[in-house]
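The chain contents come next:
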2 protein chains.
Amino acid sequence: MDKKYEALRLKNQLCFPLYAVSNMITRRYKPLLDKLSLTYTQYIVMMVLWEAAPVNEKFLCEALCLKTNTVTPLLKKLEEKGYIVKTKDKEDERNLVIDLTERGAALRDDALCVPGTIAREFHITEEEAMFLYTILYKMLEQDSSDNNN
Amino acid sequence: MDKKYEALRLKNQLCFPLYAVSNMITRRYKPLLDKLSLTYTQYIVMMVLWEAAPVNEKFLCEALCLKTNTVTPLLKKLEEKGYIVKTKDKEDERNLVIDLTERGAALRDDALCVPGTIAREFHITEEEAMFLYTILYKMLEQDSSDNNN
DNA sequence: CTTAATTATATCGCACGCGATATAATTTGT
DNA sequence: ACAAATTATATCGCGTGCGATATAATTAAG
């Protein structure tokens, strides 16, 4: 009789550990990011900007797999903190030009220790990390081809 | 010069694809769970209950790696929908006894198709799924030993 | 050339997650 | 036995995520 419901058991889901690990990661980052006055989501926005600023909002949304209704308020927060500035693109006034302030750019050096600290907390092998990375990106790519985000 | 910031690039993070895939999964579940009037988080609560009801809140929190301040409001919602009932434990009045209503128990059959539908959407091999499952649980176990949740 | 479609961003409302804190019931220490 | 510590649950406030919808700027179509 239990056979019928076997697939519905929490322990037989792949989605649940993904969800739980993702929550766990956010919790792990918090104490580190508190020192930079950043949340986890704000941190990944800053990572994109450190690498590619200036960018528009659409670029950010695609890079982070997030929607505009998540990113717009995030940018407002980062602007309030003085890490970024938003201006309108003269060429096409629909476009937002999002750029780092001096303070936002300087924050990059304070963040340098974060990846290593987090990595050291997860006791998985280099091989496991590589595999995980590969399959997760495979799933993400598949998503963007399935739907038209 | 770029070498210095290599570790801070979004593409070199393991955490980001975990976060993005987790968000993606919630989005994928939504249309299926809408039919059951459940959110993703409510769904995993129900999965625990279908298997183990009656349980107390602490048990739920541990099973789902969530805190009481997330679970308490969830239970209120599920109670309003008529899927669960909450009573006090006569033995120890601190304990909540959370149990399924007839309607909540019946919902299990409507949910039977969900795992298969989701699984079919993710085009990963059985082997990849197994590996993913194993390493994610390894990370979760490590978390509960590192911290004292 | 002007109306319709498209594109980029913003707003609204709802449901999480969680740190911090509070409250009520039970257990422990002396 | 009774004050102090512990345990289970609840409340508050903030920051996401996102579906639905709105708005403003640009482009396409007839």
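Residues numbered from 1 in each chain as written. Chains lettered and ligands numbered in written order. Predicted model: local features only at pLDDT ≥ 70, side-chain atom pairs only at ≥ 80, totals over all residues. Heavy atoms only, no water.

**As for the protein's contact with DNA strand D**
Taken together, the neighbourhood of DNA strand D is formed by 27 residues, with Gln42 and Asn69 of chain A together with Tyr19, Arg27 and Glu57 of chain B sitting nearest. Protein-adjacent atoms of DNA strand D, using a 4 Å cutoff, are sugar or phosphate at a proportion of 71%. Within the side chain of Thr72 of chain B, one N or O atom sits 3.2 Å away from a phosphate oxygen of DNA strand D. Elements with a contribution of two residues or more to the surface near DNA strand D: α2 (40-52) and α4 (68-80) of chain A together with α1 (15-34), α3 (57-64) and α4 (68-80) of chain B. The residue inventory of the surface near DNA strand D, partitioned by class, reads four nonpolar, eleven polar and twelve charged. (Near = heavy atom within 4 Å. Polar contact = N/O pair within 3.5 Å; in protein donor to acceptor, adjacent residues only side chain to side chain. Helix = DSSP H or I, 4+ residues; strand = E, 2+ residues; numbered from the N terminus. Nonpolar A, V, L, I, M, F, W, Y, C, P; charged D, E, K, R; others polar.)

**Looking at the packing of aromatic side chains**
On inspection of all chains with the given rule, the structure shows 13 aromatic pairs over all chains. Following the ring pairs from residue to residue traces out a cluster consisting of Phe16 and Tyr19 of chain A together with Tyr29, Tyr40 and Tyr43 of chain B. Taking the ring centre of Phe122 of chain A as reference, the NZ or CZ of Arg28 of chain A above it sits at 5.2 Å. (Phe/Tyr/Trp six-rings, centres within 6.5 Å; stacked < 30°, edge-to-face > 60°. Lys NZ or Arg CZ within 6 Å of the ring centre and 35° of its normal.)

**Considering helix α6 (residues 114-121) of chain A**
Of the positions making up α6 of chain A, those classed as buried are Val114, Pro115 and Ile118 of chain A. In an axial view of α6 of chain A, the angular spread of the buried residues amounts to 95°, which keeps them on one side of the axis. Contact partners of the buried residues in α6 of chain A: α1 (15-34), α2 and α5 (102-111) of chain A together with α1 of chain B. (Buried < 20%, exposed > 50% of the residue type's maximum accessible area, 1.4 Å probe, protein only. Arc of directions from axis to C-beta. Contact = heavy atoms within 4.5 Å.)

**A look at the side chain of Gln13 of chain B**
For Gln13 of chain B, the location among the structural elements is in the segment before α1. Overall, Gln13 of chain B belongs to the buried group, its relative accessible area being 5%. For Gln13 of chain B, the side chain forms a polar contact with the main-chain oxygen of Ala7 of chain B, separated by 2.6 Å. If near-sequence neighbours (up to four positions away) are discounted, Gln13 of chain B is found in contact with Tyr29, Met47, Pro115 and Tyr133 of chain A together with Ala7 and Leu8 of chain B.

**Considerations on the state of the cysteines**
Inspection of every chain in the model, using the stated rule, returns zero disulfides over all chains. Considering cysteine sulfurs only, Cys65 of chain A is the nearest to Cys61 of chain A, which forms no disulfide, with 10 Å between them. Given a relative accessible area of 12%, Cys61 of chain A falls into the buried group. Unpaired in terms of disulfides, Cys15 of chain B finds its nearest cysteine sulfur in Cys113 of chain A, a separation of 14 Å. (Disulfide = S-S within 2.5 Å.)

**As for the interface of chain A and chain B**
Contacts between the two partners involve 61 residues from chain A, matched on the other side by 61 residues from chain B. Here chain A and chain B share an interface that buries about 6400 Å² over both sides, 66% of which is from carbon and sulfur atoms. Applying the counting rule to chain A against chain B returns six salt bridges. Arg9 of chain B is the partner of Glu51 of chain A in a salt bridge, and the nearest nitrogen-oxygen pair spans 2.8 Å. (Buried area = accessible area lost by both parts, 1.4 Å probe. Salt bridge = Lys/Arg side-chain N within 4 Å of Asp/Glu carboxyl O.)

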